[in-house]
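Structure assessment
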Amino acid sequence: MSASPPRPYSISARGPLRGIVRVPGDKSISHRALMFSALAVGESRIEGLLEGEDVLATAAAMRAMGATVERDADGTWRVHGVGVGGLLQPAQALEMGNSGTSTRLLMGLVASHGITATFTGDASLSSRPMGRVIEPLSQMGADITASPGGRLPLMVRGMNPAVPIAYTLPVASAQVKSAVLLAGLNTPGITRVIEPVPTRDHSERMLRGFGAELTVEDSPEGKVISITGEAELQPQHIVVPGDPSSAGFWMVAASIVPGSEVTIENVCMNPTRTGLVTALRMMGADIAQLNPREVGGEPVADLRVRHAPLRAIEVPPDLAPSMIDEYPILFVAAALAEGRTVARGAHELRVKESDRIATMKAALEAAGVALEEFEDGLAITGSAGRPLAGNAQVASKLDHRIAMSMVVAGLASAAAISIDDVAPVSTSYPDFFQTLDALAE
Ligand code: S3P
């Protein structure tokens, strides 16, 4: 995948935002739908797949390892799987672009197959730590050679048969949990992951849906997730619900732009993903949850969000795992709230697509916001609803969520916010700007 040329973008106060939107399919669920379908025996169908660059990198990798992955004209994806244990040696390096989820989960898959794969990525991905997956996968027998600091490019030589392990997660990471569980799929015996702090559980839900023998038990050490290999996965028909992380941009935009009312349809409301809704409601946001239902084994609802004055909060650190990708947009909400919001206990933000603490501090400061930086978060003094000064040049640092968050900040800024590059938005939300134009005519 070639890197897109930089795409600068400028925005200032616009609105109100009004209308009904549908956000694209959930990114985490989309990756897993492709991977598990590619490991089933027979043909799976996936509706509502996120067609962003990150997920397309996963699709290309599964093709390179032997699965047939096709898109019908109506947007349904059809995947013919190779069966667990059936992944083929890829002929070339697997190009992961900007996608940490593709990289870490696929490293898990390769680790227990008798194949070797090299993983490469863009500058952002090549600066992110992979030691967190290298460690457990090496314990299972994989031989992994990484660039200095445990980074990409790296090569995984899988071990078949791999050795089942019981692994306690040292960081709250669904990617690490999933990498070990996916390695466990083709490992004879029971592979266990002990999760002291709950993280998104899409892998567990979907693997069960595909027929894997997977159990989840509570213990004094945390959740114990056990998978029995070698698993046989049955093809499925998957409907991917809307991405709550993408919905977050409209939740905050509608909350901070006076006169707004936006209904976001079909949002995944899995409790491991709803921390932003909880935090915004604590701040006084007007978010109504309509028509709750179940889609593809996940709770889903429509969210109606109206403008409301926001007040500062201390963001409970235990919300961090359920809103880890939403901190950048929460910081924008805090910049418009009344009082000083303190968000700490979010150290993981330092190792996302960019260092999201430093990047958001620089960007919001340039737009006239007073912030204090901590190792594990930010304190933000809000404008009590007054527009931000704006008149700022900000850098998105190859980070889609920084770009989209600063666009939303621009909607509430007196003078323009100019973002150096919004091209990374295509990794997770290709239609973001069309939706913005439709909402804020
Ligand atoms: C993801 C897990 C999270 C999240 C990422 C997607 C997943 O990462 O930030 O966008 O799909 O498992 P960590 O596991 O590193 O917290």
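Calculation criteria
- Residues numbered from 1 in each chain as written.
- Predicted model: local features only at pLDDT ≥ 70, side-chain atom pairs only at ≥ 80, totals over all residues.
- Heavy atoms only, no water.
- Near = heavy atom within 4 Å.
- Polar contact = N/O pair within 3.5 Å; in protein donor to acceptor, adjacent residues only side chain to side chain.
- Areas by Shrake-Rupley, 256 points an atom, 1.4 Å probe, with all protein chains shown as cover.
- Helix = DSSP H or I, 4+ residues; strand = E, 2+ residues; numbered from the N terminus.
- Nonpolar A, V, L, I, M, F, W, Y, C, P; charged D, E, K, R; others polar.
- Domains from an automatic or database assignment.
- Contact = heavy atoms within 4.5 Å.
- Buried area = accessible area lost by both parts, 1.4 Å probe.
- Salt bridge = Lys/Arg side-chain N within 4 Å of Asp/Glu carboxyl O.
- Pairing = 2+ DSSP bridges.
- Phe/Tyr/Trp six-rings, centres within 6.5 Å; stacked < 30°, edge-to-face > 60°.
- Buried < 20%, exposed > 50% of the residue type's maximum accessible area, 1.4 Å probe, protein only.
- Lys NZ or Arg CZ within 6 Å of the ring centre and 35° of its normal.
- Axes fitted to C-alpha atoms, helices over the stretch in contact; angles between N-to-C directions.
- Left-handed = near helix turned anticlockwise from the far one by under 90°.

Taken together, 13 residues surround the ligand, and among them Ser28, Arg32, Ser173, Asp325 and Lys352 come closest. In this structure, an oxygen atom belonging to the ligand sits 2.7 Å away from a side-chain N or O atom of Ser28. Between Asp325 and the ligand, the recorded distance is 2.6 Å, taken from a side-chain N or O atom to an oxygen atom. If the ligand stood free it would expose 380 Å²; the protein chains cover 96% of that surface. Residue contributions to the shell around the ligand peak at 3 residues, all from helix H1 (residues 27-39). When the residues that make up the shell around the ligand are grouped by side-chain class, the tally is 3 nonpolar, 4 polar and 6 charged. Residue contributions to the shell around the ligand reach at least three from each of two domains, namely domain 1 (9-25 + 242-439) and domain 2 (27-228).

For the protein chain, the assigned domains read domain 1 (9-25 + 242-439) and domain 2 (27-228). Here the C-alpha centroids of domain 1 and domain 2 sit 28 Å apart. Listed by partner, the interface residues are 25 residues for domain 1 and 25 residues for domain 2. When the two sides are added together, the surface that domain 1 and domain 2 hide from each other amounts to roughly 2,000 Å², 48% of it contributed by carbon and sulfur. Viewed at the interface, domain 2 and domain 1 are joined by 4 salt bridges. The salt bridge involving Arg200 is made with Asp325; its shortest N-O contact spans 3.4 Å. For the pair domain 1 and domain 2, the interface holds 15 residue pairs in polar contact (both at pLDDT 80 or more).

As summarised here, the arrangement of the 4 strands in space is S6-S7-S9-S8, forming an open sheet in which the pairing is mixed. Of all strands in the sheet, those with a lone pairing partner are strand S6 (94-95) and strand S8 (143-147), marking the two edges. Two elements, S8 and strand S9 (residues 151-157), share 5 bridges in a ladder whose sense is antiparallel. When the sheet's bridge partners are listed, Ala146 is paired in S9 with Leu154.

Moving on: the packing of aromatic side chains. Enumeration over the complete set of coordinates arrives at 8 aromatic pairs. Geometrically, the ring pair formed by Tyr9 and Phe433 is tilted, given 4.5 Å between the ring centres and 50° between the ring planes. Pair noted here: Tyr9 is in strand S1 (residues 9-11) and Phe433 is in helix H12 (residues 432-439), with a separation of 424 residues, a long-range link. Using a relative accessible area of 7% as the deciding quantity, one classes Phe433 as buried. Centre to centre, the rings of Phe432 and Phe433 are 5.1 Å apart; their planes meet at 85°, and the pair counts as edge-to-face. Pairwise contacts between aromatic rings join Tyr9, Phe249, Trp250, Tyr429, Phe432 and Phe433 into one cluster. Taking the ring centre of Phe433 as reference, the NZ or CZ of Arg7 above it sits at 4.7 Å. Sitting over the ring of Phe374, Arg344 keeps its end group 4.0 Å from the ring centre.

On to the sheet that holds strand S16 (residues 286-295), then. The strand order S2-S15-S17-S16 describes an open sheet built from 4 strands, whose pairing is mixed. Among the strands making up the open sheet, the edge pair consists of strand S2 (18-22) and S16. Neighbouring strand axes in the sheet, compared pairwise and without regard to direction, differ in orientation by 15° on average. Examined bridge by bridge, S2 and strand S15 (residues 261-268) share 5 bridges and lie parallel to one another. Residue Ile20 lies in a different strand from S15, and its bridge partner there is Thr263. Helix-sheet contacts for helix H7 (residues 244-256) involve S2, S15, S16 and strand S17 (298-306), and the interaxial angle to S15 is about 165°.

Our next topic: the side chain of Glu353. Mapping Glu353 onto the fold places it in the loop between strand S19 (340-343) and helix H10 (356-366). Side chain to side chain, Glu353 and His400 meet in a polar contact 2.9 Å long. Residues within four places of Glu353 in sequence aside, it is in contact with Asn98, Ser124, Arg128, Lys397, Leu398, Asp399 and His400.

The next subject is the pattern of salt bridges. Per the counting criterion, the structure on display carries 28 salt bridges. Residue Arg71 is joined to Glu51 by a salt bridge in which the shortest nitrogen-to-oxygen separation is 2.6 Å. Remark: Glu51 occurs in the loop between strand S3 (41-47) and helix H2 (53-64) and Arg71 occurs in strand S4 (residues 68-71); sequence separation between them is 20 residues. Arg350 is the partner of Asp355 in a salt bridge, and the nearest nitrogen-oxygen pair spans 2.9 Å. Arg350 gets classed as buried once you look at its relative accessible area, which sits at 18%.

Describing two packed helices takes the angle between their axes plus the distance from one axis to the other. As a packed pair, helix H9 (residues 327-336) and H10 sit with axes 10 Å apart at the nearest point and diverge in direction by 35°. As for how H9 packs across H10, the hand of that crossing is right-handed. Along the contact surface, H9 presents Pro328, Phe331, Val332 and Ala335, while H10 presents Arg356, Met360 and Leu364.

This part covers unusual backbone geometry. That bond from Gly15 to Pro16 is cis: its omega, 5°, falls within 30 degrees of zero. When you line up the elements, Pro16 lands in the loop between S1 and S2. Here Gly229 and Glu230 are connected by a cis peptide whose omega angle stands at 0°. Position of Glu230 relative to the elements: it lies in the loop between strand S13 (222-229) and strand S14 (237-239). Backbone geometry at Asn291 places phi at a positive 55°, although glycine is not the residue there.

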